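# Survey of secondary and tertiary structure
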Amino acid sequence: LSVLLASKGFKVTAVDLDLGGANLHLCLGNKVLLQNNINDFLRKRVDSLQDIATKSEYGPYLIGGDSAQLGAANIDFGRKLKLLKAVENINSDFIILDLGGDTSYNIIDFFLKADYGIVLTTRESASYIGAYHFLKAAMYRRFNRLFGPESKFRMYKNHQLEQLIHDMMNPASGEWPKSIHDLLERVRQEQPDHFPFMSEVVENFRSYLVVNKVPNRLLGSFDVNPIITRIQQVTKTWLAKEVTYLGSISFQPEVENSMIDLVPVVVKYPKGKMAEELSAIMSKLFDQEM
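Quick summary incoming for the structure in this document.

### Regarding the pattern of salt bridges
Side chains that differ in sign of charge can pair as their charged atoms come close. Evaluated as defined, the whole model comprises 12 salt bridges. Here Lys80 ties to Asp109 by a salt bridge, and the two come within 2.6 Å at their closest N and O atoms. With Lys80 in helix α4 (residues 77-88) and Asp109 in helix α5 (residues 105-113), this pair connects stretches of sequence that are 29 residues apart. Residue Asp109 is classed as buried on the basis of its relative accessible area, which comes to 5%. The salt bridge partner of Glu150 is Arg145, with a shortest N-O separation of 2.8 Å. Exposure remark for Glu150: the relative accessible area of 16% places this residue in the buried category. Taking the relative accessible area as the measure of exposure, Arg145 reaches 25% and is therefore partly exposed. If you follow the salt bridges from partner to partner, you end up with Lys80, Asp109 and Arg141 in one network.

So this is what it looks like as structure tokens:
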């Protein structure tokens, strides 16, 4: 995605925030460890993330990590805040955050930082169920941290509303947390002045779904539709916001070969299937939001 955007003339920075499995430099053609990485910024060896940005061979700037260092993934809250704020100051048209697929607080908080949160799934049950769990964890985390220092809504802090959210999202009785619909209804009944604000928080949760590795024989068929429908129904029911389906990426041996050759597939095949499908996904994303 970052290579394709850079090829269209945009200034793009790709940031490897999968701190425990940093390998984005390999995807962008760097066969050796980077001379400088995010750990240098977190340990105050450099002043900004811009200082460690490296122009990759294929267009985007790269801010890489080094998961070879023990504890690289386990940064504390203070260093995470520093990193989140530093991402805001990167000088680029687009900033692509590459994340891991787990639901740790760090990964979720990086995901919530983005203007557009894109989740990939495959047609396998474990994958699309995991995609829903990730989206649910992200929405619940957004409300649990609604007034935290990392939140874009922190200036609207209200102690009564904060307590109500805490009671609904973390019930003391041991019951399951309530759905976002339940939370909104409780706010509407007890604190109606805050209902428009809470509805805006939900509306601001821009989450998107891409189905990966779809067999070519199924492209254009309705085979992925049941998966999309199921995830959209459950997100609308529990999260009060239906995830937006952006499109599919077909299964392509060229993608695996690109990881062996360390040449991005959209560079090797600029008019190929991956470039075509990613372009369609970008067009849908930005037509809707820009």
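After that view, the rundown keeps rolling.
### A closer look at the sheet that holds strand β3 (residues 61-63)
Strand pairs in the sheet, formed through backbone hydrogen bonds, run parallel or antiparallel to each other. Strand order in the open sheet formed by 4 strands is β2-β3-β1-β4, and the pairing between neighbours is mixed. The open sheet has two edge strands with one neighbour each: β2 (54-55) and β4 (94-98). Bridge count between β2 and β3: 2 bridges; the pairing is antiparallel. Note on β3: the bridge partner recorded for Lys55 is Tyr61.

### Regarding the pairing of strand β5 (residues 117-121)
On β5, burial follows the alternation: Gly117, Val119 and Thr121 on one face are buried, whereas Ile118 and Leu120 on the facing-out side are not. By the bridge criterion, 5 bridges tie β5 to strand β6 (residues 207-214) in an arrangement that is parallel. Its bridge partner lying in β6, Val119 is registered against Leu209.

### Some words on the packing of aromatic side chains
Summed over the entire model, instances satisfying the criterion amount to 8 aromatic pairs. Ring plane angle 50° and centroid distance 6.3 Å describe the contact between Tyr116 and Tyr208, whose orientation is recorded as tilted. Residue Tyr116 is located in the loop between α5 and β5, and its partner Tyr208 is located in strand β6; the two are separated by 92 residues in the primary sequence. Since its relative accessible area comes to 22%, Tyr116 is described here as partly exposed. Considering the side-chain rings of Tyr116 and Phe286, the 5.8 Å spacing of their centres and the 75° angle between planes classify their relative orientation as edge-to-face. Of this pair, Tyr116 sits in the loop between α5 and β5 while Phe286 sits in helix α13 (residues 273-289), and the two are 170 residues apart along the sequence. Among the residues examined, Phe286 registers a relative accessible area of 17% and is labelled buried. Stacked on the ring of Tyr140, the Lys or Arg Lys136 has its end atom at 5.5 Å from the ring centre.

### Considerations on the packing of helix α6 (residues 125-144) against helix α10 (residues 225-239)
A pair of packed helices can be characterised by two numbers: the angle between their axes and the separation between those axes. In contact at an axis separation of 11 Å, α6 and α10 are set at 25° when each is read in the N-to-C sense. The orientation of α6 with respect to α10, classified from their angle, is roughly parallel. Of the two possible hands of crossing, α6 and α10 adopt the one that is right-handed. Taken together, the residues of α10 that come into contact with α6 (itself represented by Tyr128, Tyr132, Leu135, Lys136, Met139 and Tyr140) are Ile227, Arg230, Ile231, Val234, Thr235, Trp238 and Leu239. Partitioned by chemical class, the residues of the contact of α6 with α10 number 10 nonpolar, 1 polar and 2 charged.

### A closer look at the sheet that holds strand β7 (residues 244-250)
Read across the sheet, 3 strands follow the order β5-β6-β7 without closing on themselves; strand pairing throughout is parallel. At either margin of the open sheet sits one strand with a lone partner, and together these are β5 and β7. Along the sheet, successive strands turn relative to each other by an average axial angle of 25°, direction set aside. Pairing of β6 with β7, which is carried by 5 bridges, proceeds in the parallel orientation. Paired with Tyr208 across the bridge in β7 is Thr244. Strand contacts of α6: β5 and β6, with the helix running at about 160° to β5, the strand carrying the most contacts.

### Notes on the side chain of Glu150
Structurally, Glu150 can be placed in the loop between α6 and α7 (159-169). Reaching out from Glu150, the side chain makes a polar contact with the side chain of Arg145 at a distance of 2.8 Å. With residues near it in sequence (within four places) discarded, Glu150 still touches Phe77, Leu81, Leu84 and Arg145.

### A few points about empty space enclosed by the protein
Taken as a whole and judged by the stated rule, the model has 1 cavity of 30 Å³ or more. Its volume calculated, the largest cavity comes out at about 70 Å³. Phe111, Leu112, Ala114, Asp115, Gly117, Arg142, Asn204, Phe205 and Arg206 are the residues that line the largest cavity. Among the residues forming the lining of the largest cavity, the class breakdown is 4 nonpolar, 2 polar and 3 charged.

Quick notes on the rules
Residues numbered from 1 in each chain as written. Predicted model: local features only at pLDDT ≥ 70, side-chain atom pairs only at ≥ 80, totals over all residues. Heavy atoms only, no water. Salt bridge = Lys/Arg side-chain N within 4 Å of Asp/Glu carboxyl O. Helix = DSSP H or I, 4+ residues; strand = E, 2+ residues; numbered from the N terminus. Buried < 20%, exposed > 50% of the residue type's maximum accessible area, 1.4 Å probe, protein only. Pairing = 2+ DSSP bridges. Phe/Tyr/Trp six-rings, centres within 6.5 Å; stacked < 30°, edge-to-face > 60°. Lys NZ or Arg CZ within 6 Å of the ring centre and 35° of its normal. Axes fitted to C-alpha atoms, helices over the stretch in contact; angles between N-to-C directions. Parallel < 35°, antiparallel > 145°, perpendicular 65-115°, else oblique. Left-handed = near helix turned anticlockwise from the far one by under 90°. Contact = heavy atoms within 4.5 Å. Nonpolar A, V, L, I, M, F, W, Y, C, P; charged D, E, K, R; others polar. Polar contact = N/O pair within 3.5 Å; in protein donor to acceptor, adjacent residues only side chain to side chain. 1 Å grid on protein atoms, 1.4 Å probe; cavity = no way out; pocket = protein on both sides within 12 Å on 5 of 7 lines; lining within 4 Å. Points joined across faces, edges and corners; volume = space filled by probe spheres on them.

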